[in-house]
Amino acid sequence: MACLSWTALIPSAGRIDLDSPAETIDRLTNLDFPMRGAIAALHGEARRIVDAPLCLSAAREILARVPEGGVVAILTGFPEFPWIRRGVAETDGPVGPCEPHFAPVIEAAVRGIGLVPIPAAGLDLKSLHPGDPVCLIEATDEAVDAERWLAVRGPALVIAIERPGRSVTGAYHNMSGRNVSHCLNNFEDLFIEAESRGIWTIGIGDGGNEVGMGALQAVVRAQVAAGSACGCGCGGGIAAVSSSRSLVTAVVANFGATAIAAMLALLTDDREALPWPALELQSLDACVAAGAVDGQHNECVASVDGLAADAYGAVLELIADAVDRARHRRSV
Ligand SMILES: [Zn+2]
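Residues numbered from 1 in each chain as written. Predicted model: local features only at pLDDT ≥ 70, side-chain atom pairs only at ≥ 80, totals over all residues.

## A word on the overall build of the protein
Each helix and strand counted, the protein has 10 helices and 11 strands in total. In terms of principal-axis extent, the alpha carbons of the protein reach across some 60 × 45 × 40 Å. Taking all 332 residues of the protein together, the buried fraction comes to 52%. Across the protein, every contact between residues at least 6 apart in sequence was considered, and the portion connecting residues at least 24 apart equals 74%. (Helix = DSSP H or I, 4+ residues; strand = E, 2+ residues; numbered from the N terminus. Buried ≥ 20, exposed ≤ 12 C-beta atoms within 10 Å, placed from the backbone. Contact = placed C-beta atoms within 7 Å.)

## A look at the nonpolar core
Counting 98 residues, the largest nonpolar core has C55, I260, A262 and M263 as its most contacted members. When residues of this core are assigned to their parent elements, the largest contribution, 12 residues, is made by helix α8 (residues 253–268). Not counting residues up to four positions away in its chain, the partners in contact with I260 are C55, A58, A59 and V248. (Core = buried A, V, L, I, M, F, W, Y, C linked by C-beta atoms within 7 Å.)

## Thoughts on the environment of V180
Structurally, V180 can be placed in the loop between β7 (157–161) and α6 (188–197). Residue class for V180 comes out buried when judged on the 21 C-beta atoms lying within 10 Å of it. Separated by 162 residues in sequence, V180 and L18 place their C-alpha atoms 39 Å apart. Beyond its immediate stretch of four places on either side in the chain, V180 contacts P79, P82, G87, P164, Y172, H173 and N174.

## Considering the pairing of strand β9 (residues 246–249)
Every second residue of β9 is oriented toward a common face, with S246 and V248 on one face and L247 and T249 on the other, all of them buried. Of the strand pairs in this sheet, strand β8 (residues 200–205) and β9 are connected by 4 bridges, and their pairing is parallel. If you follow G205 over to β9, its bridge partner there is T249. Between the parallel elements β8 and β9, the chain passes through helix α7 (residues 217–223) in a crossover that is right-handed. (Pairing = 2+ DSSP bridges. Right-handed = clockwise from strand over helix to strand, strands pointing away.)

## Overview of the packing of helix α1 (residues 19–28) against α8
At a minimum axis separation of 10 Å, α1 and α8 run at an interaxial angle of 170 degrees. Of the possible angle classes, the one that applies to α1 and α8 is roughly antiparallel. Side by side, α1 and α8 meet where P21, A22, I25 and D26 of the first sit next to A259, A262, M263 and L266 of the second. Taken together, the residues of the contact of α1 with α8 sort by class into 7 nonpolar, no polar and 1 charged. (Axes fitted to C-alpha atoms, helices over the stretch in contact; angles between N-to-C directions. Parallel < 35°, antiparallel > 145°, perpendicular 65-115°, else oblique. Nonpolar A, V, L, I, M, F, W, Y, C, P; charged D, E, K, R; others polar.)

## Quick notes on the environment of P119
If you trace the backbone, P119 turns up in strand β5 (residues 116–119). P119 sits in the exposed class, given 12 other C-beta atoms within 10 Å. The sequence separation of P119 and A103 amounts to 16 residues, and the corresponding C-alpha distance is 9.8 Å.

## A word on the confidence of the model for the protein
Overall, the predicted model of the protein reaches an average pLDDT of 89, with 92% of residues at or above 70. Summarising per-element confidence for the protein, the mean pLDDT is lowest in strand β1 (residues 2–6) (39) and highest in β9 (98). Low pLDDT (under 50) marks residues 1–13, which in the prediction has 53 contacts with non-local residues, meaning those over four places away or in another chain. (pLDDT = per-residue confidence, 0-100.)

## Brief notes about α6
Taken residue by residue, α6 has E188, L190, F191, I192 and A194 as its buried positions. Buried residues along α6 sit against β2 (70–76), α5 (146–153), β7 and β8. Once α6 ends, the next one or two residues include G198, with phi positive near 85 degrees.

Here is the structure:
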């Protein structure tokens, strides 16, 4: 589990036109570049529910919910090769928490983006200074007591990015319907417990089988391959049932997180809130060097859900360009 201190995110939107860049980035990040087939239906339903650009809605909630120095807990880690021991971390998603076998990749991702990964075990959160560029990573195979975990860390926000979510049968699946339950600890309980306690939650996913995508269940069952019949033998489909307060879809889940960061940069007038594309590519390279694999073809190369680094980076550049264009327009 990772806890990030987010500071200096003070709203000062000024006269920036948010609707236009938000709409552009929302559409861009939900275009089916890798031709995976599911995102149009998922995004259409999410937009119907949220009734606004998803990234803008989530970013506004972050700023409203997280005080200066507040704790944000992030759940991530999606297993590939589930038939080999407990799976191998994929390149989409990683900044956060984890089972110990995902920790090296998540630590590498954090380091690649310029933050310092710190083992959380035994560390008092109060010993951190607001603004410290660190990410606490709690790697454990021991089942967590969600109520106690939340009481001790006191997160203002819990985010799940590309983290498998339980289906109606209780089994966890990858998009092709394979059962990955044995690869995972019970971290999803933190998200569900946070939801029930009124702690704000953001679910970011690209297939409808991730934590927080429960509002999309009907669409997943009807329109996503393996949505209603996984074939793993559990008797259900891959649709995740846990719901989130802010629902964010993207064709590659990482893009959903980047889209939110883009909106934070505009809302706070702090360009640094959006990582430079080169930094994100550096993070991708670091993940791969630590053994992460692409979620679509499973090769250990700089690629995310089938998008090679050049194409992946091009989308990040377009997001950054939309932000810079909006900021420039305000100043002219
Ligand atoms: Zn199943």
